[in-house]
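Architecture at a glance
Each chain, letter by letter, is given below.
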Amino acid sequence: QVQLVESGGGLVQAGGSLRLSCAASGRTFSTYTMGWFRQAPGKEREFVAAITWSGGSTTYADSVKGRFTISRDNAKNTVYLQMNSLKPEDTAVYYCAAGRGVGQVLVRHQSTYNFWGQGTQVTVSS
């Protein structure tokens, strides 16, 4: 069992930066693929980024590639999402998730993930 708690969300102007954190409980954190998803008002939840258990492979949605960076610190049981050059369309509730899937295709699917955090709000003003 893995419990996930996101933090770091807030209000930022367009062009600004935020760093989200997701702290995980449990001894097996380092064995999980970790993902970030987001859900904007009135829209379905969508994939943002993922990182394998070792941190050796990362995957990004095209909409955030080059602006967002996912990383993890297994010693701290934490995964991060550094978000730069934020745009108003990045406004959403951001969720982290843990799962066993690997591969560029599987990590984009919500069904790959077994455990989810409660989400943190990111609002980007124009």
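None of these values were measured; they are calculated from a predicted model.

1. Some remarks on the environment of threonine 123
Inspection of the secondary structure puts threonine 123 in strand β11 (residues 120-125). A relative accessible area of 28% places threonine 123 in the partly exposed class. Sequence-wise, threonine 123 and leucine 11 are 112 residues apart; in three dimensions their C-alpha atoms are separated by 4.7 Å. Contacts of threonine 123, omitting those with residues within four sequence positions, involve Gly10, Leu11, Val12 and Thr91.

2. Some thoughts on unusual backbone geometry
We note that asparagine 77 has phi near 55°; this positive angle belongs to a residue other than glycine. Secondary-structure assignment places asparagine 77 in the loop between β7 (68-73) and β8 (78-83). At serine 85, a position not held by glycine, the phi torsion is positive, near 50°. Within the element layout of this structure, serine 85 appears in the loop between β8 and β9 (92-99). When its relative accessible area of 40% is taken as the criterion, serine 85 is described as partly exposed.

3. Observations regarding the nonpolar core
Among the nonpolar cores identified, the biggest contains 37 residues, and Leu4, Met34, Trp36, Leu81, Met83 and Tyr94 are the most heavily contacted of them. When residues of this core are traced back to their parent elements, those giving at least two are β3 (18-24), β4 (33-39), β5 (46-51), β7, β8, β9, β10 (113-116) and β11. The residues touching methionine 34, leaving out its near neighbours within four places in the chain, are Leu4, Cys22, Phe29, Ala49, Ala50, Ile51, Ile70, Arg72, Val79, Ala97, Ala98 and Tyr113.

4. Brief notes about the packing of aromatic side chains
For the structure shown, the criterion picks out 5 aromatic pairs. On the numbers, 5.7 Å between centres and 75° between planes, the contact of phenylalanine 37 with phenylalanine 47 is edge-to-face. One end of the pair, phenylalanine 37, is in strand β4; the other, phenylalanine 47, is in strand β5, with 10 residues separating them in the sequence. Ring centres of phenylalanine 37 and tryptophan 116 lie 5.1 Å apart, and the angle between their planes is 55°; on these two criteria the pair is classed as tilted. Of the two residues, phenylalanine 37 sits in strand β4 while tryptophan 116 sits in strand β10, which places them 79 residues apart along the sequence. Note on tryptophan 116: relative accessible area 25%, which makes it partly exposed.

Reading the values: the criteria
- Residues numbered from 1 in each chain as written.
- Predicted model: local features only at pLDDT ≥ 70, side-chain atom pairs only at ≥ 80, totals over all residues.
- Heavy atoms only, no water.
- Helix = DSSP H or I, 4+ residues; strand = E, 2+ residues; numbered from the N terminus.
- Buried < 20%, exposed > 50% of the residue type's maximum accessible area, 1.4 Å probe, protein only.
- Contact = heavy atoms within 4.5 Å.
- Core = buried A, V, L, I, M, F, W, Y, C linked by side-chain atoms within 4.5 Å.
- Phe/Tyr/Trp six-rings, centres within 6.5 Å; stacked < 30°, edge-to-face > 60°.

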